[in-house]
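Chain by chain, the residues:
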Amino acid sequence: MSGGKLHQLFEGRVREGQDRTAVVTDRVELTYGQLDARANRLAHHLLDVAHLEPGDLVAIRTLRAPDVLVAALAVLKAGGVFAVASPSRPEPKALTGARAVISNLVHSGRLTDLPDKPLILLDGHAAAIEEQPAVPVDAPVGDGASLLFTAGTSGKPKAVAVGHTRLTAAYEACSEVFGLRPDDRVLVTGRSDTLAFAAGWLRTLCAGATLVLTTRVPYTVADTDPATAAALLAGPRVEGLRLVAVGGERLRLDEHLRLERALAPGARLISVYGTAEVAGCGTWFETDQLPGPTVHPERHVFLGQPFTGVRTKIHGKHIWLTPPDGGDAVPTGDLGQRHGTGPLEYLGRMADRFRHDGRQLNPYLIEARLATHPKVRDALVKRSQHGSLIAYVVPTAQQSAPQLEAVRAHLRGMGPATELPSAVISLTALPRTSAGKLDRDGLVLPAEQHAEETTRHSGKGGPVTASDVLRTVGGLMAFVSFFASLILTDVFWPGSTDLSIVPSPWAGFFRGLYFAEHLAFAAGVGFLFAGPTLMPRTGAPRALTAAAHLSIVYLLASWWPQDNFYRLAAKQDWERQAALVYAFNVPLMLAAAVVALWAAVLGASSRADEGR
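All of these numbers come straight from a predicted model, not from anything done at the bench. (Residues numbered from 1 in each chain as written. Predicted model: local features only at pLDDT ≥ 70, side-chain atom pairs only at ≥ 80, totals over all residues. Heavy atoms only, no water.)

Now for the overall build of the protein chain. Broken down by element type, the protein chain carries 16 helices and 24 strands. In terms of C-alpha radius of gyration, the protein chain reaches 32 Å, well past the compact-globule figure of 25 Å for 612 residues. Seen along its three principal axes, the alpha-carbon backbone of the protein chain occupies a region of about 100 × 60 × 45 Å. When contacts within the protein chain are restricted to residue pairs at least 6 apart in sequence, those whose partners lie at least 24 apart make up 63%. Counting every atom, the protein chain has about 28,400 Å² of accessible surface; 58% of that belongs to carbon and sulfur. Of the side-chain charges in the protein chain, 60 are positive and 58 negative, and the distance between the mean point of each set is 4 Å. (Helix = DSSP H or I, 4+ residues; strand = E, 2+ residues; numbered from the N terminus. Rg over C-alpha atoms; globule rule 2.2 N^0.38 Å. Contact = heavy atoms within 4.5 Å. Areas by Shrake-Rupley, 256 points an atom, 1.4 Å probe, with all protein chains shown as cover. Lys, Arg positive; Asp, Glu negative; His and termini not counted. Charge placed at Lys NZ, Arg CZ, Asp CG, Glu CD.)

Written out as structure tokens, the structure is:
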């Protein structure tokens, strides 16, 4: 049904069997007919209360999954655009223009700041909603369907507008791979405000299958993330489980193979990769896509082949995806490569990279090497504020974490010596966000690093480092230079600061200028020593940073000598005036240009590290 509307796909399944179970939770079970009737009544109520126009945004501020489904379908039926956001967090900026807000009574106290915006409580206004007719509404519908939020792995979550055309194309493309049937019971484990949940319920309900939101009832398909998939398959085999679809986070090939072995013969395991911009429909991977056995499977993450209608492009190892409806290619913020006609391979995220030892470092490559250690199951690498590399490892079952020297010995020869970690921290599990993504910001620096940084900032105790010495010397030299410049001005430039013929208050202004020149000269001398430890070590090449450092020193320190030379030079002394211009003014311009270039490179590198 290409080009149709999402709710029309759902309504087609309702006509095929109103009594079929649509949703199952621990407390609620709804048939397709019941879910459709509730959505129709809410759609009528929305139109009456909020007077929705085609494409108007409606915010759904609840995480109760059945209510999210009713609200989302109602908004679509009324011609609006739905967006789901947690009621316990501040309202995303993208929702400030919402025409109405749908929530529950328990959350109403948090949603009081809604000027000129109707708040519809599904339980608080239940009587008014129930009075509405249960038949479909007759409302014009545009192409806008939903605002999907990114997972926020490269900053704050961003809202992405997605239309019916793209979502239906994504559904049809995924249907070819998932092969969902009306008798399937699909377990979806993503939280209700995530892309994973939105993609899961759309795939399920548009296929006429049963959406399962609890592990306490049988299911035939699991639509989940790697960590949950591992937990689900750790116990006895789930009877009737024929497909496990893993998405939202990377799945290493060795983990993929391990999970496959836990499935019954004939059952499938697929990895799904896609961003909010492509409605979660990007690529999919199954082990039969590999041309043969892979050496060191723990070092590889395969994203696989594109879904129908999707195209993958790699520009400078950056992965771009063309949406299933044929829209413009979008950057994913991920790095990858393809070997011939084989599946696309993941090589880390742009936002995770950082400057280390004068060059850009991709921690994913070190993490892949760490995963080859027999005692390491998972690993993440983080850079401390002092530039050292910290390895966070999750030991394999029944194993203790390897010691630092054992890890360094294992990694030697796999990469540069500068990429060896200086500390190894053992974790029971890697931190994850509410969306199931790996959370690098959740990694805490080791205790000794905290102690060192605390003493360093408080000035109490701690080891003395070269940086401490340089800063101390810089401060001492700045102090000495200030008084030296005061004393030596009349020695080097006699009469240059004579203000005896200058009337008040202008003499006072000039004295202030001379004092500022002494301060600038002292700051420049001090920065000559302290600058290398104060300037950022990330974002710009070493040579450019060194040039910027010396340029800043010149910009500060040159004012004292140049102004004194100028004050003693006659206006018509063209030879001396030209010499001063080329000795001071031109170098000042060049120094400013170097600093501007350094700042531009620093900013560009920072934006690249943030990803999209």
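With respect to the element layout, L195 can be found in helix α6 (residues 195-206). Sequence separation between L195 and T418 is 223 residues; the distance between their C-alpha atoms is 38 Å. Beyond its immediate stretch of four places on either side in the chain, L195 contacts L148, F149, G274, T275, A276, A279 and G280.

All right, on to unusual backbone geometry then. Here the amide bond leading from S504 into P505 is cis, since omega sits at 5°, within 30 degrees of zero. Following the sequence through the fold, P505 ends up in the loop between α12 (466-492) and α13 (506-534). Positive phi is not limited to glycine here, since H51 has a value of about 50°. Mapped onto the fold, H51 is located in the loop between α2 (32-50) and β3 (57-60). Here A279, not a glycine, exhibits a phi torsion of approximately 55°, which is positive.

With that settled, consider the packing of aromatic side chains. Tallying each qualifying case throughout the model produces 13 aromatic pairs. Between F482 and F515, the aromatic rings sit 5.5 Å apart at their centres with planes inclined by 85°, giving edge-to-face as the arrangement. Residue F482 is located in helix α12, and its partner F515 is located in helix α13; the two are separated by 33 residues in the primary sequence. A relative accessible area of 46% means that F515 is categorised as partly exposed. Members of the aromatic cluster, joined through ring pairs, are F492, W493, F521, W560, F565 and F584. Directly above the ring of Y32 sits R20, whose terminal nitrogen or CZ lies 5.3 Å from the centroid. (Phe/Tyr/Trp six-rings, centres within 6.5 Å; stacked < 30°, edge-to-face > 60°. Buried < 20%, exposed > 50% of the residue type's maximum accessible area, 1.4 Å probe, protein only. Lys NZ or Arg CZ within 6 Å of the ring centre and 35° of its normal.)

Here we take up the sheet that holds strand β24 (residues 423-426). Here 3 strands make up an open sheet; going across it, the order is β22-β23-β24 and the pairing mixed. Because the sheet does not close on itself, it has two edges, and the strands there are β22 (376-383) and β24. Neighbour-to-neighbour, the strand axes of the sheet open up by a mean angle of 25°, direction not taken into account. Sheet analysis places β22 next to strand β23 (residues 389-395), joined by 7 bridges and oriented antiparallel. Paired with K382 across the bridge in β23 is I390. In the packing of helix α9 (residues 363-370) onto the sheet, the strands contacted are β22 and β23, and the crossing angle to β22 comes to about 150°. (Pairing = 2+ DSSP bridges. Axes fitted to C-alpha atoms, helices over the stretch in contact; angles between N-to-C directions.)

Core analysis: the biggest nonpolar cluster contains 82 residues, and L35 and W201 have the highest contact counts within it. Top element by residues in this core is helix α3 (residues 65-77). It accounts for 10 residues. Not counting the four nearest positions on each side in its chain, W201 is found in contact with L69, A72, L73, F82, C206 and L211. With 15 residues, the next largest nonpolar core counts L361, A379, A401 and V424 among its residues. (Core = buried A, V, L, I, M, F, W, Y, C linked by side-chain atoms within 4.5 Å.)

For the structure shown, the criterion picks out 4 cavities of 30 Å³ or more. Forming the walls of the largest cavity are 15 residues, and the residues nearest its centre are L167, A170, A199, L202 and A279. Within the residue set of the lining of the largest cavity, elements represented by two or more residues are β7 (144-149), α5 (164-178) and α6. Broken down by element, the lining of the largest cavity gets its largest block of residues, 5 residues, from α6. Its residues assigned to classes, the lining of the largest cavity shows 13 nonpolar, 1 polar and 1 charged. By volume, the second largest cavity is sized at about 100 Å³. Taken together, 14 residues line the second largest cavity, and the ones lying closest to its centre are V84, L148, D193, T194 and A198. Sorting the residues of the lining of the second largest cavity by element identifies β4 (81-84), β7 and α6 as the ones contributing at least two each. Per-element accounting of the lining of the second largest cavity gives the leading share, 4 residues, to α6. (1 Å grid on protein atoms, 1.4 Å probe; cavity = no way out; pocket = protein on both sides within 12 Å on 5 of 7 lines; lining within 4 Å. Points joined across faces, edges and corners; volume = space filled by probe spheres on them. Nonpolar A, V, L, I, M, F, W, Y, C, P; charged D, E, K, R; others polar.)

The next thing to look at is the side chain of S103. You can see S103 is positioned in strand β5 (residues 100-103). Given the relative accessible area of 0%, S103 is considered buried. A polar contact is formed between the side chain of S103 and the backbone oxygen of R61, at a distance of 2.8 Å. Leave out the neighbours within four places in its chain, and S103 touches R61, T62, L111, L119, I120, L121 and L122. (Polar contact = N/O pair within 3.5 Å; in protein donor to acceptor, adjacent residues only side chain to side chain.)

As a further point, take the pattern of salt bridges. Taken as a whole and judged by the stated rule, the model has 26 salt bridges. A salt bridge links D184 to R242, with the shortest nitrogen-to-oxygen separation between them at 2.6 Å. In this pair, D184 sits in the loop between α5 and β9 (185-188) while R242 sits in the loop between α7 (226-232) and β12 (243-247), placing the two residues 58 residues apart along the sequence. D184 sits in the buried class, given a relative accessible area of 1%. A relative accessible area of 19% means that R242 is categorised as buried. With a shortest N-O distance of 3.3 Å, R252 and D378 are connected by a salt bridge. Here R252, found in the loop between β12 and α8 (253-261), pairs with D378, found in strand β22; they are 126 residues apart in sequence, far enough to count as distant. One network of salt bridges, with partners in common, ties together R252, D254, E255, R377 and D378. (Salt bridge = Lys/Arg side-chain N within 4 Å of Asp/Glu carboxyl O.)

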